[in-house]
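Structure at a glance
Single-letter residue listing:
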Amino acid sequence: YQRRVHGGSKAPKIFYVNWFLKSEDGKFLWPGFGENSRVLKWIIQRIEGTGKFRYTPIGILPTVDGIDLTNVDVSKETLKRILTVNPQQWLNELPQIRAYQTFIGESVPKEIHWELTQLESRLHFAIEDAPGTSSRLKQWVKEVASLCKPDHIYWCDGSEEEYHLMCDLLVESGTFVRLHPKKRPNSYLARSDVSDVARVESCTYICSKTPEEAGPTNNWCDPNEMKAKMNALYDGCMKGRTMYVIPFCMGPIGSPLSKYGVEISDSPYVVANMHIMTRVGFNVLSAMKDDFLPCLHSVGAPLLPGQKDVPWPCNKTKYICHFPDEPCVMSYGSGYGGNALLGKKCYALRIASTMGRREGWMAEHCLILGLTSPEGKTYYVAAAFPSACGKTNLAMLVPTIPGWSVRCVGDDIAWMHIGQDGRLYAINPEAGFFGVAPGTSDFTNHSAMETLKKDSIFTNVGLTPDGDVWWEGMTKTKPAELIDWTGQKWTPDCGRLSAHPNARYTCPAKNCPVIDPNWENPQGVPISAIIFGGRRSTTVPLVTEALSWQHGVFMGSMCSSEQTAAAEGKVGALRIDPFAMLPFCGYNMGDYFQHWLDMGSKLGPRAPKIFYVNWFTKDSNGKFIWPGFGDNSRVLKWICKRIESDNLGKPTPIGILPSANALDTTGLDISQDIMNALLSINPSQWLDELPQIRAYHAQFGNRLPEALHHELTALEQRLHFALENVPTTSNRLKQWVKSTVELCKPDHVFWCDGSEEEYQLLCDLLVESGTFVRLHPKKRPNSFLARTDPSDVARDEKSTYVCSEKPEDAGPTNQWSSPAEMKAKLTSLFNGSMKGRTMYVVPFCLGPVGSPYSRYGVQITDSAYVVANLHLLNRVGFRVLSKITDDFVPCLHSVGVPLEVGQKDVSWPCNKTHRYICHFPEEPSIYSFGSGYGGNAILPKKCFALRIASSMSRRQGWMAEHCLILSLTSPEGKTFYVASAFPGGCGKTNLAMLVPTIPGWSVRCVGDDIAWLHIGQDGKLYAINPEAGFFGVAQGTSDFNNHSAMETLKKDTIFTNTALTPDGDVWWEGMTKTKPAELTDWTGQKWTADSGKPAAHPNARYTCPARNCPVIDSNWENPEGVPISAIIFGNRRYTTYPLVVESTNWEHGVFLGSLCSAERSDKPATADPFTMLPFCGYNMGQYVQHWLEIGQKLGSAAPRVFSVNWFQKDGQGKFVWPGYGDNARILKWIVGRVQGQSAAVVESPLGLIPKADAIDTLGLDLEKARLESILKVDKELLKKEIPSVRQLYASIGSTLPSKLNEFLNELESKLK
């Protein structure tokens, strides 16, 4: 055994003879003696490869006409009898053989035991009694034999002896040339027919039920029609040949991810290659049940009796047919590569892709490699490249950067599934490599060359005079002469290639010196990144990271490459090859794209990052400018760094490219100019290519996912932006962006498209930079925690200016600065402020896009944190840009921390020395410098939506107010909309989302912070919420006091300055009754319940989309707004002000609004008129006058105005009113008053107050006396309040309408 297997071709053939067979009457059937020379003659012929033979379970026997019977008295019938194997007799004898081996004991080699088992299996097959063999398989083999009519049937056992037998037969038939046993041990050269050299895509069919299921990129034929055609071709196609039954497994045997198949073929070349490329034989049969894929193949060249075979039988008529609904594969006419090795592309890609779609996994044309860092961390990467674009070279590359190593899992196909931990895993379904030989060398792929040193089959390469192989690119010096792939003499100057461009090698993966130790892990390997690639001489940069999984799918859908020799077609022509799967996708590619998108949805945040590479950029002289091969490890290193969230990328219109010096080029002789060329994009070239991509996508019709339409449109817009072909009619916007770039000097400019992919990209960038911590994907999906600099945690009112033309226009409640002086100061600060950063241009809309009451703006910022928050709080991006004319508000913001080249950024950049938040109401415009936090930096919020909008509204006749908007629906189904103004931290969001405690009533939220109110065509007051999200105070928010808010925060939320739990969730004071044992606090330090400091900052915030709110009102984005029935002003006062008071009219309601105030702890009450003191963008006196004027316009249609105070305390300091959901009881009373119900009220100095009986207290544990105590005005306390109100009015100055002083005097008089 050792000599045969390891001695190679020098080992003698071994035969077994028996001259002594007898007939039933005891006479010898063979004459023996000198006639034995006739058997010896056949043995000699076998040694020389000419003897006629047939396969049997016990070995190779002569055919009846293979023994020379000339002049011997032995009939053919007798010879046939003595050349017959009786399987049952052999099976009866095996127990004796087994007993003898047992008697010898452990010294019997295990290989001999294995041979006995294999013999037993073959004998059972011969009598169709193979134990455990699928009944379906037996029946199918019987049917195929009946159809194809082979001379013999051979069940492949998968043994090494069988492989050598096949190779010997192929040498004898002239198909194989045995290579020099020392130069290439156990290796062979095959030469195919010149017409059978590559995949025949024109003859490849997907025979699904309908052509739509196959799609426009596949050839389709009706399955019944094709079956009839194939059966006609198969009828008798194996006459004169042996039919090989090859059980095979794709993937490690026994893996839950593997699949089984059986190929029937009449080609020993196929059997030999299948031995290498898959797991074959009896061990597969024992694992396989009825669930296998039937694969039928024939070269289509039957032999007549006595007809001599050719070395490479094939037929000019060729079909490779896939029936995905059965499923099965049928191939006819070709003996080459994937046309005949049906476990490869036919099963592992075309059929498996349809299986994967049905079963929730993916079959992809991908290599799989493991990349290990110097620190010992391994990253597994799947990469999809069209054939001959360097897949195998990449799978086995030897890195040129110290400390990094690559190991190969597979070089061609990956089956990827979602593991139990939610990550993507991959197995290599193959057991060998079937690679393109030309171009493979010790320089380009040393590992492959080492693998090919033995046990390999080469097809269509050149043969050297010393019995070795050669192909173009294998060595720098060409051999002086060869035998080329067609069998002709070849010299370097003959004008022909020695090897076919698609010449191939087949070799076992186990021989690869860099095979990964996990390459046969039955669970697969975890995939950290997916790489797409193509062979492009221009346009596509060296490496690009996708903005998101969806964007990555779009990148995969537009993979393109210059045509290779691996398939039919004009070499060099550009063809789009989505996912490198164009020839291999077994169903409609539009559905295939959707399957990728669906897999991304299932993976969520655990989805691998997606990249696109191009090693093949050329200069103007046609020379490659990237060294490639081992130096591609430099790109892989950058990819690993990106996986680890290192901030080494820069956004571009096509995706994220490496930032300056991000690629490790140590020791690489490459200029900076070349690196710039490799890592830059030409937007014009990309735009020129988009029509071809659009036309390609169009062929899929309505099966193309809408997401890819969106991605293509967004790419086009970004490219136009890069060329300053901004798709906007606003020349003012273009000029402003241009001048801002010149002033701030950013490294990059990024126009925000507003897409979900963009938001995910920004969040990823913020995670990489350390600004964000990604929260647990199951506890808080798509949510993040940000920690600010401790100096940047709240509104910076001392740095907030209203820069009106005159100080009196700003009024005494605002800080004022001369516009010219402030502009000069800001220009100096902004000069170069964005160096080293990206400048984001964010078009936004306040209010529903297209509403006549909405307003538009554009914020320019260098903070990705700001952009991410804008995504949640506003309508942003291209859909807004299309609406913007010259009438927009420019909002310029910078954190004020430029970066020098190579300087590492901090996680929260801000300028601690200079901070300004400046409003220029006459222009109008907003400038913010130095702070990255909240309303200081998210300029559409308080800066635009209140300060600037309040001055706009005064001029235009509407109101911008610091109000929530809610709807209250009665049990009868009548809905009332209410606007309510409360000072910060006084429960606005709780009220906006409250869950009523009185049966039958419901509350829905329109907005929780800002209301823009206008007079509608019917003369009533209407309101829109200009925002699209909530930016609320986290502290104190809980399931008890605001269940709806807590539900909203369960996903898609940015938390700022809260604490982080050990299991990756957030926490803040008041969130739960029990404090966690330990946390990481808002400053990033360890926190325990007894640490004596807050875990979350008191002003910790959340940002979340309003659409996620479970009680969002159905009219929250109504472009006309909602009709306001009541306006409520709120106070936070422990005494003095009653629970609720109704104004006597609109003017009196304005007076009540001017009295708004709040107190906290032991601090005195702070006045906050209309809760607008920090937010009114002009003189407060004029603001009050504007309220009065709006009331005059409304007349009798004006809403009723109320004032509430939930916060009165008793003598023990306890709140009297329960608040929260019970506030609905007050709202119910207010609605009754709106409807004109004559509920009992009493007049008070402040206004109308309900009697205790008028409040619905059913089910409320509150004594009537306590309720009465908070429903009355304490005259003495209110009298003490008068001087502070007079002082407030005096501070506002002469612009304050006299009406307010009249009301104040009247109040004072009543109190006396």
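Residues numbered from 1 in each chain as written. Predicted model: local features only at pLDDT ≥ 70, side-chain atom pairs only at ≥ 80, totals over all residues. Heavy atoms only, no water.

Points about the packing of helix α4 (residues 87–104) against helix α5 (residues 110–126)
Think of two packed helices as two axes; the pair is described by the angle between the axes and how far apart they sit. Orientation of α4 relative to α5, taken along the N-to-C sense of each, is 165°, at an axis distance of 10 Å. By the angle between their axes, α4 is roughly antiparallel relative to α5. Here α4 runs over α5; the crossing is left-handed. Together, Pro87, Trp90, Leu91, Leu94, Ile97, Arg98 and Gln101 of α4 and Ile112, His113, Leu116, Leu119, Glu120, Leu123, His124 and Ala126 of α5 make up the contact between the two elements. Split by residue class, the contact of α4 with α5 holds 10 nonpolar, three polar and two charged. (Axes fitted to C-alpha atoms, helices over the stretch in contact; angles between N-to-C directions. Helix = DSSP H or I, 4+ residues; strand = E, 2+ residues; numbered from the N terminus. Parallel < 35°, antiparallel > 145°, perpendicular 65-115°, else oblique. Left-handed = near helix turned anticlockwise from the far one by under 90°. Contact = heavy atoms within 4.5 Å. Nonpolar A, V, L, I, M, F, W, Y, C, P; charged D, E, K, R; others polar.)

Focus on the sheet that holds strand β4 (residues 176–178)
Strand order in the open sheet made by the five strands is β4-β5-β21-β26-β20, with mixed pairing throughout. Because the sheet does not close on itself, it has two edges, and the strands there are β4 and β20 (432–436). In this sheet, adjacent strand axes meet at a mean angle of 20° when their direction is disregarded. Examined bridge by bridge, strand β5 (residues 188–190) and strand β21 (residues 457–459) share three bridges and lie parallel to one another. Note that in β21 the partner of Ala190 across the bridge is Thr459. (Pairing = 2+ DSSP bridges.)

Side note on the environment of Phe611
Note that Phe611 resides in strand β31 (residues 609–613). On the accessibility criterion, Phe611 (0% relative accessible area) is buried. Between the C-alpha atom of Phe611 and that of Leu61, which follows or precedes it by 550 residues, the distance is 57 Å. Sequence-distant contacts of Phe611, that is, excluding residues within four places in its chain, are made with Ala529, Ile530, Ile531, Phe532, Val543, Thr544, Glu545, Met555, Trp638, Ile639 and Arg642. (Buried < 20%, exposed > 50% of the residue type's maximum accessible area, 1.4 Å probe, protein only.)

Section: the packing of helix α36 (residues 1275–1292) against helix α37 (residues 1298–1311)
Running from amino to carboxyl end, α36 crosses α37 at an angle of 155°, the nearest separation of the two axes being 10 Å. By the angle class used here, α36 and α37 are roughly antiparallel. The chirality of how α36 crosses α37 is left-handed. Note on element contacts: α37 touches α36 through Leu1300, Asn1301, Leu1304, Asn1305, Leu1307, Glu1308 and Leu1311, opposite Lys1275, Leu1278, Lys1279, Ile1282, Val1285, Arg1286 and Tyr1289. Considering only residue class, the contact of α36 with α37 consists of eight nonpolar, two polar and four charged.

Some words on the packing of aromatic side chains
Taken as a whole and assessed by the stated rule, the structure comprises 55 aromatic pairs. Geometrically, the ring pair formed by Phe443 and Phe629 is edge-to-face, given 5.3 Å between the ring centres and 65° between the ring planes. Taken together, the residues span a long stretch of sequence, with Phe443 in the loop between β20 and α15 (446–451) and Phe629 in the loop between β31 and α18 (632–643) at a distance of 186 residues. Through pairs of rings, three or more aromatic residues link up here, namely Phe532, Trp549, Phe579, Tyr587, Tyr592, Phe593, Trp596, Tyr696 and Phe700. The ring of Phe292 carries the charged tip of Arg136 above its face, separated from the ring centre by 4.2 Å. The ring of Phe616 carries the charged tip of Arg535 above its face, separated from the ring centre by 4.3 Å. (Phe/Tyr/Trp six-rings, centres within 6.5 Å; stacked < 30°, edge-to-face > 60°. Lys NZ or Arg CZ within 6 Å of the ring centre and 35° of its normal.)

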